[in-house]
Amino acid sequence: MGRNYDVIVIGLGGMGSTTAYQLAKRGQRVLGIEQFSPAHDQGSSHGESRIYRQAYFEDPAYVPLLLRAYELWEEIKHESGQELLTVTGGLMMGPPDSETVQGSLKSAKQWNLPFDMLDASEIHKRFPVFTPSRNQVALY
């Protein structure tokens, strides 16, 4: 007699393993299938680091998902006893009317995210490694 599963997750990279974990925590019978060995370099989330942005310039609709992701990172930190996420802040830099700056600003304002708008001199003062041109700004 075969096993019955409520959900089968194909691909156990960052998204798949998180999905399987969260479903199992909710009492679902989950089967995870991965074609490669653990910690392989064939997926979209391999490597030593990843970035999460809250002021998501592509579309503010993603922000609630990102805020929930931060909550889940805290939850798994407490469950595992390991620090898995380092929050550093982000710098979205470009001309004031650029998609990156305007989209990030829109997301930050719409979702009441804390941010600072920096002109070129403030960028260089706070982040000396950058020497932006006078017409550049940054959302931090």
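See above for the structure.
Keep in mind it's a predicted model, so treat the numbers as computed, not measured.

Enquirer: Just checking my understanding: could you explain empty space enclosed by the protein for this structure?
Expert: A water-sized probe, rolled over the atoms, reveals where empty space remains. Counting across every chain of the model gives one cavity of 30 Å³ or more. Within this model, the largest cavity holds a volume of roughly 40 Å³. In terms of lining residues, the largest cavity is bounded by Trp73, Glu74, Lys77, Glu83, Leu84 and Leu85. Partitioning the lining of the largest cavity into residue classes produces three nonpolar, no polar and three charged.

Enquirer: Can you help me understand the packing of helix α1 (residues 14-25) against helix α2 (residues 63-80) in this one?
Expert: For any two helices packed against each other, one specifies the crossing angle of their axes together with the interaxial distance. Contact geometry for α1 and α2: axes closest at 13 Å, N-to-C directions at 70°. One way to sum up the angle between α1 and α2 is to call them roughly perpendicular. Residue-level inspection shows Tyr21, Gln22 and Lys25 of α1 in contact with α2, the latter providing Leu72, Glu75, Ile76 and Glu79. Residues of the contact of α1 with α2, tallied by class, amount to three nonpolar, one polar and three charged.

Enquirer: Explain a nonpolar patch on the surface to me, please; I cannot follow it from the model alone.
Expert: Judged by side-chain polarity, Tyr5, Ile8, Ile10 and Ile33 come together as a nonpolar surface patch covering roughly 400 Å² of accessible area. For tyrosine 5, the location among the structural elements is in the segment before β1 (7-10).

Enquirer: Is there a simple way to explain the sheet that holds strand β5 (residues 137-139) in this structure?
Expert: Two orientations exist for strands paired in a sheet by backbone hydrogen bonds: parallel and antiparallel. Strand order in the open sheet formed by three strands is β3-β5-β4, with antiparallel pairing between adjacent strands. Since the sheet does not close on itself, it has two edges, and those belong to β3 (92-94) and β4 (117-119), each with one partner. Here the strands of the sheet are splayed against their neighbours by 20° on average, with no regard to which way each runs. Taken together, the three bridges between β3 and β5 define a ladder with antiparallel strand orientation.

Enquirer: I tried to follow the nonpolar core on my own but got confused; where do I start?
Expert: Among the nonpolar cores identified, the biggest contains nine residues, and these are Ala55, Tyr56, Val63, Leu66, Met92, Leu105, Ala108, Leu113 and Leu139. Counting residues per element, the ones that place at least two in this core are α2 and α3 (99-110). When neighbours within four sequence positions are excluded, tyrosine 56 is seen to be in contact with Tyr62, Val63, Leu66, Gly103 and Ser107.

Enquirer: Help me understand the pairing of β1 in this model?
Expert: Two faces belong to every sheet, and in a regular strand the side chains alternate between them. Pairing of β1 with strand β2 (residues 30-33) involves four bridges; the strand directions are parallel. Of the residues in β2, the one forming a bridge with valine 9 is glycine 32. Once the chain exits β1 it traverses α1 before rejoining the sheet at β2, and the crossover so formed is right-handed.

Enquirer: Which parts of the structure should I look at to understand the packing of aromatic side chains?
Expert: Between two aromatic rings, the relevant description is the distance of the centres plus the angle of the planes. With the rule as written, the count across this model stands at four aromatic pairs. Relative to tyrosine 62, the ring of tyrosine 56 lies with its centre 4.9 Å away and its plane at 55°, an arrangement referred to as tilted. When its relative accessible area of 41% is taken as the criterion, tyrosine 62 is described as partly exposed. On the numbers, 5.4 Å between centres and 55° between planes, the contact of phenylalanine 127 with tyrosine 140 is tilted.

Enquirer: Honestly, the pattern of salt bridges in this entry has me stumped. Any pointers?
Expert: Oppositely charged side chains may form a pair once their charged atoms are brought near each other. Summed over the entire model, instances satisfying the criterion amount to eight salt bridges. When the shortest N-O distance is used, the salt bridge between aspartate 6 and arginine 29 registers 3.0 Å. Remark: arginine 29 occurs in the loop between α1 and β2 and aspartate 6 occurs in the segment before β1; sequence separation between them is 23 residues. Judged by relative accessible area, aspartate 6 falls into the partly exposed class, the value being 37%. Residue class for arginine 29 comes out partly exposed when judged on its relative accessible area of 46%. The salt bridge involving glutamate 74 is made with lysine 77; its shortest N-O contact spans 3.7 Å.

Calculation criteria
Residues numbered from 1 in each chain as written. Predicted model: local features only at pLDDT ≥ 70, side-chain atom pairs only at ≥ 80, totals over all residues. Heavy atoms only, no water. 1 Å grid on protein atoms, 1.4 Å probe; cavity = no way out; pocket = protein on both sides within 12 Å on 5 of 7 lines; lining within 4 Å. Points joined across faces, edges and corners; volume = space filled by probe spheres on them. Nonpolar A, V, L, I, M, F, W, Y, C, P; charged D, E, K, R; others polar. Axes fitted to C-alpha atoms, helices over the stretch in contact; angles between N-to-C directions. Helix = DSSP H or I, 4+ residues; strand = E, 2+ residues; numbered from the N terminus. Parallel < 35°, antiparallel > 145°, perpendicular 65-115°, else oblique. Contact = heavy atoms within 4.5 Å. Patch = residues over 30% accessible without salt bridge, like charges linked within 9 Å, V, L, I, M, F, W, Y side chains within 5 Å. Areas by Shrake-Rupley, 256 points an atom, 1.4 Å probe, with all protein chains shown as cover. Salt bridge = Lys/Arg side-chain N within 4 Å of Asp/Glu carboxyl O. Pairing = 2+ DSSP bridges. Core = buried A, V, L, I, M, F, W, Y, C linked by side-chain atoms within 4.5 Å. Buried < 20%, exposed > 50% of the residue type's maximum accessible area, 1.4 Å probe, protein only. Right-handed = clockwise from strand over helix to strand, strands pointing away. Phe/Tyr/Trp six-rings, centres within 6.5 Å; stacked < 30°, edge-to-face > 60°.

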